[in-house]
Amino acid sequence: LSRISNLSRHFHSPNSKTSDDPQGAIDAPGGGLIKISSEVSAAISRGHPVVALESTIISHGMPYPQNLETAKEVEAIVRKNGAVPATVAILDGTPCVGLNEEELERLSILGNRVQKTARRDIAQVVASGGNGATTVSATMFFASKVGIPVFVTGGIGGVHRHGEQTMDISSDLTELGRTPVAVISAGIKSILDIPRTLEYLETQGVCVAAYRTNEFPAFFTETSGCKAPCRVDTPEEAAKLIANMNLELGSGILIAVPIPNEHSAFGSLIEKAIQTALQEAREKNIVGNAETPFLLKRVNELTGGASLASNIALVKNNALVGAKIAAALAKLRV
Ligand code: PSU
Ligand code: MN
């Protein structure tokens, strides 16, 4: 196990006087340990590009074996585009940054028998020596602790529909407000309340940038009807945003990359399925952290696999864009 204190290195701003100082917390809470794979650890300490990846998308977001295939392909895409992939999970109570193939396989097969682990669940999974698949909030936390500023996923959580009554607001949003990591995603699913999610991100002080579009994308479709607060057109522009903003602000950035055009064809079919799945979730009283996995599974069933194919395509595209952003950021830091 590596002491994370050696590896705590955060955003580097070329404009900042303190840019050579390690930023933020040095030790994990309670002096805990994070296991970092030797490849990831070497890349971080040399300033090479690294891309963090979450594991709930593997355990709860997709069925086996597509989850394993996608996880491997995503890692390969990150490598091909010049960055080292670092999948995050808690295995036998140890937070791990950088999984080997055997570990990825174990998570994929275990599926939803692994505990979905958001920030609030980290202490419990570690204390009980359990296996935890990290959501966006928990993955951001560990990425930040070890000094990885770029994190790729499919979609993030948000304000749930009727969230004004249930107060079901994903901890991904508050994590973005408190942790300096850039999250590359395809936006927010329309299973969520997109306008309120954007309002809440503003409240949290999160910079939200759409990639090569003016509109905030809605995961399965390029459009949501909501304008993105800002726009970037190249990996270099995205990297500048990351380098210049976070050192001063301490908060995260959401970079929303629309699904590639050729995969967004099923948009209206998927939207119908979402409505049905939401209705079912209400009837079955599925709430809390079970809601997102339930909706993803039902929408996939109702669309005969079309939503899964779109999901896989957009994650791969995000990996491509995210690796390029990580590479551009590493160039800015030298
Ligand atoms: N959206 C997806 N796929 C996913 C998730 C969200 O399209 O797998 C997962 C992510 O790990 C995200 C989490 O962080 O669900 C949010 O869960 P909740 O809504 O319970 O906060
Ligand atoms: Mn929730």
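Residues numbered from 1 in each chain as written. Chains lettered and ligands numbered in written order. Predicted model: local features only at pLDDT ≥ 70, side-chain atom pairs only at ≥ 80, totals over all residues.

Named according to an unreviewed UniProt entry, the chain is Pseudouridine-5'-phosphate glycosidase isoform X2 originating from Cucumis melo.

(A) Looking closely at the overall build of the chain. The number of helices and strands found in the chain is 13 helices and 11 strands. Here the chain holds 334 residues, and 54% of them are scored as buried. Put simply, 76% of the contacts in the chain that link residues at least 6 apart link residues at least 24 apart. (Helix = DSSP H or I, 4+ residues; strand = E, 2+ residues; numbered from the N terminus. Buried ≥ 20, exposed ≤ 12 C-beta atoms within 10 Å, placed from the backbone. Contact = placed C-beta atoms within 7 Å.)

(B) Structural detail: the pairing of strand S2 (residues 50–53). In S2, alternate side chains face the same way, and those of Val-50 and Ala-52 on one face and Val-51 and Leu-53 on the other are all buried. As judged from the 4 bridges shared by S2 and strand S3 (residues 84–91), these two strands associate in the parallel manner. Pairing of Val-50 across the sheet is with Val-84, part of S3. Taken together, the 2 bridges between S2 and strand S7 (residues 150–152) define a ladder with parallel strand orientation. Its bridge partner being in S7, Ala-52 is matched across the sheet by Phe-151. (Pairing = 2+ DSSP bridges.)

(C) Region of interest: the packing of helix H3 (residues 66–80) against helix H13 (residues 306–333). Interhelical geometry of H3 versus H13 gives an angle of 20 degrees and a closest axis separation of 8 Å. In terms of their interaxial angle, H3 and H13 are classed as roughly parallel. Note on packing geometry: the crossing formed by H3 with H13 is right-handed. Taken together, the residues of H13 that come into contact with H3 (itself represented by Gln-66, Thr-70, Glu-73, Val-74, Ile-77 and Val-78) are Leu-308, Ile-312, Val-315, Lys-316, Ala-319, Leu-320 and Ala-323. For the contact of H3 with H13, the residue count by class is 9 nonpolar, 2 polar and 2 charged. (Axes fitted to C-alpha atoms, helices over the stretch in contact; angles between N-to-C directions. Parallel < 35°, antiparallel > 145°, perpendicular 65-115°, else oblique. Left-handed = near helix turned anticlockwise from the far one by under 90°. Nonpolar A, V, L, I, M, F, W, Y, C, P; charged D, E, K, R; others polar.)

(D) Spotlight on the nonpolar core. Core analysis: the largest hydrophobic core is formed by 102 residues, its most contacted members being Val-50, Val-51, Phe-151, Val-183 and Ile-255. Tallying contributions element by element places H13 first for this core, with 12 residues. When residues no more than four places from it in sequence are discounted, the contact partners of Val-183 are Val-136, Met-140, Phe-151, Thr-153, Ile-156, Leu-176, Gly-252, Leu-254 and Ile-255. (Core = buried A, V, L, I, M, F, W, Y, C linked by C-beta atoms within 7 Å.)

(E) Molecular detail of the site of ligand 1. In the neighbourhood of ligand 1, 19 residues make up the surrounding shell, with Thr-56, Gly-61, Val-136, Gly-157 and Ser-170 lying closest. For the shell around ligand 1, the secondary structure elements donating two or more residues are helix H2 (56–59), helix H8 (171–178) and helix H12 (291–302). Of the residues in the shell around ligand 1, the class split is 5 nonpolar, 11 polar and 3 charged. (Near = placed C-beta within 6 Å.)

(F) Highlighting the environment of Glu-262. The residue Glu-262 is located in the loop between strand S11 (253–256) and helix H11 (267–283) in this model. We classify Glu-262 as exposed; it has 7 C-beta atoms within 10 Å. In the structure, Glu-262 is positioned 201 residues away from Gly-61 in sequence and 22 Å away in space, judged by C-alpha atoms.

(G) Geometry of the environment of His-263. Relative to the elements of secondary structure, His-263 occurs in the loop between S11 and H11. For His-263, a count of 19 C-beta atoms within 10 Å corresponds to the partly exposed category. Sequence separation between His-263 and Ile-148 is 115 residues; the distance between their C-alpha atoms is 30 Å. Among all residues touching His-263, those that are not within four sequence positions of it are Ser-310, Ala-313 and Leu-314.

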